[in-house]
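Chains, contacts and geometry: an overview
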Amino acid sequence: IDTIAVPGVKKTFLLTTDRNSKISNTPIRISLDALHYNPDEKQYRKAYQPIAVLLEGEFTSNYRNRIPPTIAEDPEIKFKESSMPNKMIVVADGDIIKNQLYVNISGDTSYYDLGFDKYTSKTFGNKNFVLNAVNYLCDDSNLISVRSREVKLRLLNIQKIKQQRLFWQVLNIGFPLLLIIVAGILYFLIKKRKYRK
């Protein structure tokens, strides 16, 4: 989402892309053939691009200075050049509230849960995001705090996993074993010294 500064409107970024992001201007050709090649990491330097924005404030009418004075000043129409204090959430992709489909053995079409990806078998936070957004826009902030009381597992940085895998494996497996061996030797030496006397 490309945002601009608007007087009287406060912007809060709700969702952003990962640290490793790339911007491609439209029109762009998308091909599944790209899966056969490793992506060039140098191209993915546009970190944390906004994809969902909360806008709060007074919004100017799109028809301001565009309609004739007879309509703008008509008491029955009650045209307003700007709204009352208001809020809206803008999301870059409408698929955030789209369920994926699957076909049963009997041929019936069913839906996966919102946020479930059938290709990776992972459930993402689409449902929580949409529910929290609706509750916030309806001023039900208490429901958001109650719903967010759950432990969430944070995903690891895939790039660091690939580059530093051996180091972390040795650290997490070898270091505790080394500590146990050193503690065992020390315990043995202390006992030997104690009973020698």
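Below or above, wherever it landed, is the structure these notes cover. Note that the coordinates shown come from a computational prediction; the quantities given were computed from them, not determined experimentally.

Parameters and conventions
- Sequence order as written defines residue numbering, which begins from 1 separately in each chain.
- In view of the model being predicted, local features appear only for residues whose pLDDT reaches at least 70, and side-chain atom pairs are presented and counted only at 80 or more, with totals across whole chains, interfaces and linings using the full set of residues.
- Side-chain measures were taken over the full set of non-hydrogen atoms in the model, leaving aside hydrogen atoms and water.
- Under the scheme used here, helices are H or I runs from DSSP no shorter than 4 residues and strands are E runs no shorter than 2 residues, and both carry numbers assigned from the N terminus.
- Using C-alpha atoms as the atom set, the radius of gyration is obtained and then compared with a globule rule of 2.2 Å times the number of residues to the power 0.38.
- In this scheme, a residue with accessible area under 20% of its type's maximum is buried, one over 50% is exposed, and one in between is partly exposed, where area comes from a 1.4 Å probe on protein chains only.
- Only heavy atoms enter the contact rule, under which two residues are in contact if any of them lie within 4.5 Å.
- In these tables, accessible area is a Shrake-Rupley quantity obtained with a 1.4 Å probe, and a residue counts as shielded only by the protein chains included in the view.
- Only four residue types enter the tally: Lys and Arg on the positive side, Asp and Glu on the negative side, with His and both chain ends excluded.
- Charged groups are reduced to one reference atom each: NZ for lysine, CZ for arginine, CG for aspartic acid, CD for glutamic acid.
- Think of it this way: a Phe, Tyr or Trp ring, Trp meaning its six-membered ring, pairs with another when their centres are within 6.5 Å, and the plane angle makes it stacked under 30 degrees, edge-to-face over 60, tilted otherwise.
- We call a charge positioned over a ring when the NZ of a Lys or the CZ of an Arg lies within 6 Å of the ring centre and within 35 degrees of the ring normal.
- Salt bridges, as used here, are contacts in which a Lys or Arg side-chain nitrogen is within 4 Å of a carboxyl oxygen on Asp or Glu.
- We define a polar contact as two N or O atoms separated by no more than 3.5 Å, with the added condition that, inside protein, one atom must be a possible hydrogen donor and the other a possible acceptor, whereas residues neighbouring each other in sequence contribute only through side-chain atom pairs.

The helix and strand inventory of the protein stands at 4 helices and 7 strands. Mapped from its N terminus to its C terminus, the protein presents α and β elements in the order β-β-α-β-β-β-β-β-α-α-α. Since a compact globule built from 197 residues should have a radius of gyration of about 16 Å, the 28 Å found for the protein marks it as more spread out than a globular shape. Oriented by its inertia axes, the alpha-carbon framework of the protein measures out at about 110 × 45 × 45 Å. Per-residue burial over the protein gives 10% buried out of 197 residues. Within the protein, contacts between residues separated by at least 24 positions form 61% of all contacts whose residues are at least 6 apart in sequence. Entry remark: accessible area of the protein is about 17500 Å², with carbon and sulfur atoms responsible for 58%. Across the protein, the 30 positively charged side chains and the 19 negatively charged ones have centroids separated by 21 Å.

Our focus in this paragraph is the packing of aromatic side chains. Applying the stated criterion across every chain yields a total of 3 aromatic pairs. Where Tyr102 meets Tyr112, the ring centres are 4.6 Å apart and the plane angle is 45°; that geometry is what we call tilted. Here Tyr102, found in strand S4 (residues 101-103), pairs with Tyr112, found in the loop between strand S5 (109-111) and strand S6 (116-117); they are 10 residues apart in sequence, far enough to count as distant. A centroid spacing of 5.0 Å and a plane angle of 35° characterise the contact between Tyr112 and Phe116, whose relative ring orientation is tilted. The positively charged end of Lys87 is found above the aromatic ring belonging to Tyr136, 4.3 Å away from the centroid.

Our next topic: the side chain of Glu56. Of note, Glu56 is situated in strand S2 (residues 50-57). Comment: no salt bridge for buried Glu56; closest opposite-charge side chain is Lys10, at 4.1 Å. Polar side-chain contacts of Glu56 include one of 2.6 Å to the side chain of Tyr136. Each residue touching Glu56, except ones within four places of it in the same chain, is listed here: Gly8, Val9, Lys10, Thr12, Asn86, Lys87 and Tyr136.

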